[in-house]
Amino acid sequence: MPGIDKLPIEETLEDSPQRFPLGGDDEVMSSTLQQFSKVIDELSSCHAVLSTQLADAMMFPITQFKERDLKEILTLKEVFQIASNDHDAAINRYSRLSKKRENDKVKYEVIEDVYTSRKKQHQTMMHYFCALNTLQYKKKIALLEPLLGYMQAQISFFKMGSENLSEQLEEFLTNIGTSVQNVRREMDSDVETMQQTIEDLEVASDPLYVPDPDPMKFPVNRNLTRKAGYLNARNKTGLVSSTWDRQFYFTQGGNLMSQARGDVAGGLAMDIDNCSVMAVDCEDRRYCFQITSFDGKKSSILQAESKKDHEEWICTINNISKQIYLSENPEEIAARVNQSALEAVTPSPSFQQRHESLRPAGQSWPPTARTSSSGSLGSESTSLAALSLDSLVAPDTPIQFDIISPVCEDQPGQAKASSQGNRRTNPFGESGGGTKSETEDSILHQLFIVRFLGSMEVKSDDNPDVVYETMRQILAARAIHNIFRMTESHLLVTCDCLKLIDPQTQVTRLTFPLPSVVLYATHQENKRLFGFVLRTSGGRSESNLSSVCYIFESNNEGEKICDSVGLAKQIALHAELDRRASEKQKEIERVKEKQQKELSKQKQIEKDLEEQSRLIAASSRPNQASSEGQFVVLSSSQSEESDLGEEGKKRESEA
């Protein structure tokens, strides 16, 4: 009922009881009219004196039916057409509401306009339907009442012809008069019932007049395999210009059909078998989604009226693309498929059994040299049988489906990278200015095109099963919530870090220090999927360290990316060992240099002591010569040398 203008009136109210009296008793009316014709043939001789009575009893009801009742129907038809045009104009204004520059006042006025026009159209339609239904009774009265008046005028005028009128004919005329009264009473009762129905429908339909109804009152049905309704279709008129046309769309088997207003039948819009559908942002319009054919040669962007219609159209086209409609009970199978997707994100006690069913027979786990950084951790992966699901993924862990930049604001290990988060990064290592970044000095530079699927916190980071379980939960959650949008980025692998770079602006979105990447693996079956575990400080756990698993999709390059990360970690490990050896060698050289300095200093002290000893010996000889009463006067330089000699003796004694 949300789109009252979707179909003609009879189709719009196809669920309500419809009664057209002429459709059930045509034979009775035919026999009655035939009997009247026989009587009228017998009384065909009319006189001029009957003209006044015939004008009052016969012509007046016919004229009144033509000028009042039929004119009322035509007027209601014009009013309904005007209300439909007003509703279309209000819906077009609502569809052009900006999602980015949202103005509450303008939005309220547009929603109020849609509510008023839709309510007016609904009320006009119901009154028009009521008048059409009432017209069926008035047609009976307009046919029977003039004939009855004509007969009564003839009988009253020709009293002497009463012997020609049998009692059977009088009884017939009496029954016809009674029947007309019964029809009138039935009409009044039915009109009263229809008025009450109109009031009840107005009260029940009030929430539906809002263009975007409350999803709590009207939940989304994800199990549909058929759907119909109005959508806005985007048509390109130039390189950058486009128009939006509102048309009625409906599904028919594996085809999407469209029908413009005024067309007799719908035409094929697109084959949606094995197609793909996703929500998109288009020209600042809300509730847009894109359908792409299975061969990718044809695509169409459509806009739904509400969030409920938006999600239901995406789910319905998804169910049809899986060819569920070909089964005997399509909605039941669609419900089971959606329930299975819902159970896919519900923890189960046997994690090993679920993965054993996906693993080919006789195949062992991939070697740790490819799937995990066991060389950097220095420990082997524990057995899968000893792990439960709760030991891998934290319960009630939220999943992040989009990239939030910068990621390094809350991570101390990435403080240096966060300061360069807004600077353009050249992935090919070419310097654009006078300064060089750390990645430009790296030996390894490999660039890959990836799409971010999601990330979530995990409790373990020493087993590849953590990555597999995270992939399963993120893919299942995307399927359940109909999240098809993925952010494409360039993944730059260097010996220092992993970087996600915007392919258009070349701005670094995320930076992952390579020492923090403790685990990485590709999907066992779908080699395009890969993920890695990043060990960071803080988190939801009580310990200081937490682990977050990031999942990406690549262009058949998952194994290459893991090999590149492994090579980067090996290069970084060798570089770290070389750096430590170089530091140790420098430390040894510093110790030797320090010992050389101490040795030269000791030699200098000994040399000074010898010099002082010679000075002291030279000064003692003149003192012995003057012991007989002669005095020797020492110069100031000699006295200073003697003082130095005494200090040297003291230091020698202390040594």
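Note that the structure is predicted; figures quoted are calculated from it, not measured. (Residues numbered from 1 in each chain as written. Predicted model: local features only at pLDDT ≥ 70, side-chain atom pairs only at ≥ 80, totals over all residues. Heavy atoms only, no water.)

### Examining the packing of aromatic side chains
Phase 1: With the rule as written, the count across this model stands at 12 aromatic pairs.
Phase 2: With centroids separated by 5.8 Å and ring planes inclined at 80°, the aromatic side chains of Tyr 115 and Tyr 209 adopt a geometry described as edge-to-face. You can see Tyr 115 sitting in helix α4 (residues 104-157) and its partner Tyr 209 sitting in the loop between α5 (167-204) and β1 (228-236), a full 94 residues away along the chain.
Phase 3: By relative accessible area, which is 2% here, Tyr 209 ends up buried.
Phase 4: A connected cluster of aromatic rings, assembled from ring pairs, spans Phe 452, Phe 512, Phe 530, Phe 532, Tyr 550 and Phe 552.
Phase 5: In this arrangement the basic side chain of Arg 246 is found over the ring face of Tyr 230, its NZ or CZ atom lying 4.5 Å from the centre. (Phe/Tyr/Trp six-rings, centres within 6.5 Å; stacked < 30°, edge-to-face > 60°. Helix = DSSP H or I, 4+ residues; strand = E, 2+ residues; numbered from the N terminus. Buried < 20%, exposed > 50% of the residue type's maximum accessible area, 1.4 Å probe, protein only. Lys NZ or Arg CZ within 6 Å of the ring centre and 35° of its normal.)

### Section: the pairing of strand β2 (residues 242-252)
Phase 1: Bridge count for β1 against β2 is 9 bridges, and the pairing is antiparallel. Counterpart to Gly 229 in the pairing with β2 is Tyr 249.
Phase 2: Counting the residues in the hairpin turn of β1 and β2 gives 5 residues.
Phase 3: Joining the antiparallel neighbours β2 and strand β3 (residues 255-259) is a turn of 2 residues, in which Gly 253 adopts a positive phi near 65°. (Pairing = 2+ DSSP bridges.)

### Points about the nonpolar core
Phase 1: Within the largest apolar cluster, 26 residues are counted, with the highest numbers of intra-cluster contacts made by Tyr 249, Leu 256, Ile 272, Phe 289, Ile 291, Leu 302 and Ile 317.
Phase 2: Taken together, the elements giving at least two residues each to this core come down to α3 (50-95), α4, β1, β4 (267-271), β5 (276-282), β6 (285-292) and α6 (307-321).
Phase 3: Residue contributions to this core peak at 4 residues, all from α6.
Phase 4: If we ignore the near neighbours within four places in the chain, the residues touching Ile 291 are Leu 256, Met 270, Ile 272, Cys 275, Ser 276, Val 277, Lys 298, Ser 299, Ser 300, Leu 302 and Ile 317.
Phase 5: Core analysis: the next-biggest nonpolar cluster, separate from the first, contains 25 residues, Leu 500, Leu 510, Phe 530 and Cys 562 among them. (Core = buried A, V, L, I, M, F, W, Y, C linked by side-chain atoms within 4.5 Å. Contact = heavy atoms within 4.5 Å.)

### A short note on the pattern of salt bridges
Phase 1: Scanning the entire structure with this criterion turns up 27 salt bridges.
Phase 2: Where Glu 312 meets Lys 227, a salt bridge forms, and the shortest distance between an N and an O atom there is 3.0 Å. Of this pair, Glu 312 sits in helix α6 while Lys 227 sits in the loop between α5 and β1, and the two are 85 residues apart along the sequence.
Phase 3: For Lys 227, a relative accessible area of 13% corresponds to the buried category. (Salt bridge = Lys/Arg side-chain N within 4 Å of Asp/Glu carboxyl O.)

### Quick look at the sheet that holds strand β8 (residues 446-458)
Phase 1: If you trace the 7 strands from one edge of the open sheet to the other, you get β11-β10-β9-β8-β14-β13-β12, paired in antiparallel fashion. The two strands at the open ends of the sheet, each matched to only one other strand, are β11 (508-513) and β12 (517-522). Here the average twist between neighbouring strands, direction ignored, is 35°.
Phase 2: Pairing between strand β10 (residues 497-501) and β11: 5 bridges, direction antiparallel. Along β11, the bridge assignment pairs Leu 500 with Leu 510. (Axes fitted to C-alpha atoms, helices over the stretch in contact; angles between N-to-C directions.)

### Some words on α4
Along an α-helix, residues three or four apart share an orientation, since each turn contains 3.6 residues.
Phase 1: Along its 54 residues, α4 runs 76 Å from first to last C-alpha, staying within 8% of the 80 Å computed at 1.5 Å per residue.
Phase 2: Of all the bends in α4, the greatest measures close to 25° and is centred on Gln 136.
Phase 3: The distance from a side-chain oxygen at the start of α4 to the backbone nitrogen of Lys 105 is 3.0 Å, and the residue carrying that oxygen is Asn 103. (Expected span 1.5 Å × (residues − 1). Bend = angle between axes of the 7 residues up to and from the residue. Polar contact = N/O pair within 3.5 Å; in protein donor to acceptor, adjacent residues only side chain to side chain.)

Limitation: the analysis is restricted to geometry and does not speak to function.
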